[in-house]
Amino acid sequence: MDIIDSIILGIIQGLTEFLPVSSSGHLELGKAILGDESIPKESLLFTVVLHFATALSTIVVFRKDVWSLLKGILKFQWNEDLEFVSKIALSMLPAVFVGLFFEEQLEKLFGGNILLVGCMLIVTAVLLFFADRAKDTSKKISFKNAIVIGISQAIAMIPGISRSGATISTSVLLGNDKTKAARFSFLMVVPLIFGKIAKDIVGGELTYDSGNFTSLSVGFIAAFVSGLFACTWMISIVKKSKLIYFSVYCVIVGIIAIIISSI
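Residues numbered from 1 in each chain as written. Predicted model: local features only at pLDDT ≥ 70, side-chain atom pairs only at ≥ 80, totals over all residues. Heavy atoms only, no water.

What to know about the overall build of the chain
1) Next: What the chain contains, in helices and strands, is 12 helices and zero strands.
2) Next: Listing every helix and strand of the chain by position from the N terminus yields α-α-α-α-α-α-α-α-α-α-α-α.
3) Next: The buried share of the chain, reckoned over its 263 residues, is 46%.
4) Next: Taking the contacts inside the chain whose residues are at least 6 apart along the sequence as the reference set, 83% of them involve residues at least 24 apart.
5) Next: For the chain, the exposed surface amounts to about 13,000 Å²; the carbon and sulfur share of it is 70%. (Helix = DSSP H or I, 4+ residues; strand = E, 2+ residues; numbered from the N terminus. Buried < 20%, exposed > 50% of the residue type's maximum accessible area, 1.4 Å probe, protein only. Contact = heavy atoms within 4.5 Å. Areas by Shrake-Rupley, 256 points an atom, 1.4 Å probe, with all protein chains shown as cover.)

A few points about the pattern of salt bridges
1) Next: Tallying each qualifying case throughout the model produces four salt bridges.
2) Next: Across the pair lysine 140 and glutamate 83 runs a salt bridge, and its minimum N-O distance is 3.5 Å. Within this pair, whereas lysine 140 is found in the loop between helix H7 (114-133) and helix H8 (143-155), its partner glutamate 83 is found in helix H5 (residues 80-101), the two being separated by 57 residues in sequence.
3) Next: With a relative accessible area of 43%, lysine 140 lands in the partly exposed category.
4) Next: Within this structure, Glu83, Lys87 and Lys140 form a network of salt bridges that share partners. (Salt bridge = Lys/Arg side-chain N within 4 Å of Asp/Glu carboxyl O.)

Section: helix H9 (residues 163-173)
1) Next: For H9, a buried count of 10 out of 11 residues is recorded, marking the element as mostly surrounded by other parts of the structure.
2) Next: All buried positions along H9 are accounted for by Arg163, Ser164, Gly165, Ala166, Thr167, Ile168, Ser169, Thr170, Ser171 and Val172.
3) Next: Against helix H1 (3-18), H7, H8, helix H10 (178-202) and helix H11 (213-239) lie the buried residues of H9.
4) Next: Note on H9: the residue one or two positions beyond its end, glycine 175, has a positive phi of about 95 degrees.

Overview of the packing of H8 against H10
A pair of packed helices can be characterised by two numbers: the angle between their axes and the separation between those axes.
1) Next: It is the contact of H8 with H10, at a shortest axis distance of 12 Å, that shows an interaxial angle of 65 degrees. When the axis of H8 is compared with that of H10, the two are roughly perpendicular. Crossing geometry of H8 relative to H10 is assigned as right-handed. When H8 is examined against H10, the residues Ala146, Ile149, Gly150 and Gln153 are found in contact with a partner set consisting of Phe184, Met188, Val189 and Leu192.
2) Next: When its residues are assigned to classes, the contact of H8 with H10 shows six nonpolar, two polar and no charged. (Axes fitted to C-alpha atoms, helices over the stretch in contact; angles between N-to-C directions. Parallel < 35°, antiparallel > 145°, perpendicular 65-115°, else oblique. Left-handed = near helix turned anticlockwise from the far one by under 90°. Nonpolar A, V, L, I, M, F, W, Y, C, P; charged D, E, K, R; others polar.)

A look at the nonpolar core
1) Next: Counting residues in each nonpolar core, the largest one holds 43 residues, and the members touching the most others are Leu29, Ile88, Ile168, Phe184, Phe186, Met234 and Leu243.
2) Next: Where this core is concerned, the elements lending two or more residues are H5, H7, H8, H9, H10, H11 and helix H12 (243-262). (Core = buried A, V, L, I, M, F, W, Y, C linked by side-chain atoms within 4.5 Å.)

Description of H7
1) Next: Under the 1.5 Å per step criterion, the end-to-end length of H7 is 29 Å for 20 residues, consistent within 8% with the ideal 28 Å.
2) Next: What H7 keeps buried is the set Ile114, Leu116, Val117, Gly118, Met120, Leu121, Thr124, Ala125, Leu128, Ala131 and Asp132. (Expected span 1.5 Å × (residues − 1).)

Structural notes on unusual backbone geometry
1) Next: A positive phi angle, near 55 degrees, is found at phenylalanine 76, a position not held by glycine.
2) Next: Examined against the element boundaries, phenylalanine 76 turns out to sit in the loop between helix H4 (63-74) and H5.

So, the side chain of serine 164
1) Next: With respect to the helices and strands, serine 164 occurs in helix H9.
2) Next: By relative accessible area, which is 1% here, serine 164 ends up buried.
3) Next: Only 2.9 Å separates the side chain of serine 164 from the backbone oxygen of phenylalanine 18, close enough to count as a polar contact.
4) Next: Beyond its immediate stretch of four places on either side in the chain, serine 164 contacts Glu17, Phe18, Leu19, Pro20, Ser169, Ser185 and Phe186. (Polar contact = N/O pair within 3.5 Å; in protein donor to acceptor, adjacent residues only side chain to side chain.)

Details of the packing of H8 against H9
1) Next: Close contact between H8 and H9 brings their axes to 8 Å; oriented N to C, the two are set at 155 degrees. Relative to H9, the element H8 is oriented roughly antiparallel. The handedness of the crossing between H8 and H9 comes out as right-handed. Contacts between H8 and H9 involve Val148, Ile149, Ser152 and Gln153 from the former and Arg163, Ala166, Thr167, Thr170 and Ser171 from the latter.
2) Next: When grouped by side-chain class, the residues that make up the contact of H8 with H9 number three nonpolar, five polar and one charged.

Structure below.
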């Protein structure tokens with residue numbers, strides 16, 4: 001994989017991990033439009049590196065929150081921070097279940113099925129449309145909400161359904177505060193990413209070629225920097241209820257994908 005490909009894939013991952021437009025869906029569309037030869041299918045190691053970069057950008061943006069949560073855990077007594085961490089852990093269960101028991105079925109969905117991506121982008125658009133119209137509240141996420149949001153995160157493993165779009169929309173539609181919804185959505189994916197990395201390392205699925213060091217480094221930097229921008233921007237967008245623009249974007253791209261699939 002050359003430097004340009006690494007930068008392109010890094011930026012796509014960094015932006016679409018946080019913006020509600022589906023990173024997996026856009027990568028599938030990019031390969032279909034430009035051809036598999038134009039955008040080489042990234043290795044597992046490269047994919048892991050990009051996800052690590054976006055997880056790290058999340059930690060940087062929410063560094064004060066992360067530090068507060070860590071201090072809360074180390075108090076070894078029930079408090080607001082430990083309660084939040086418990087909700088995060090609860091929200092992870094559906095995605096962990098799907099990842100463990102339906103991994104092969106999920107992988108079959110990532111074979112250039114552009115029709116599926118197009119249809120799921122329209123589903124994402126519908127979610128964003130209703131979330132944009134939801135009234136803002138000061139309600140915080142409950143344990144029951146955490147499970148429902150976690151289910152939406154598991155469903156968002158399907159290419160074309162935005163993870164951040166699905167989880168933020170679900171949270172807002174449940175009547176939760178929009179800022180709290182965005183914070184919960186971005187923080188809930190960090191443990192999953194680190195867990196996946198640990199699983200791949202322990203399972204020996206990661207292979208490293210020293211010749212890929214430059215591509216990996218450039219991809220990491222591109223994903224990290226674009227992730228910082230996208231994460232910060234997305235928080236502002238949710239606060240201002242501007243999700244409708246992404247809803248329209250997803251409809252347009254979804255329709256284009258459906259048309260391409262029929263050609």
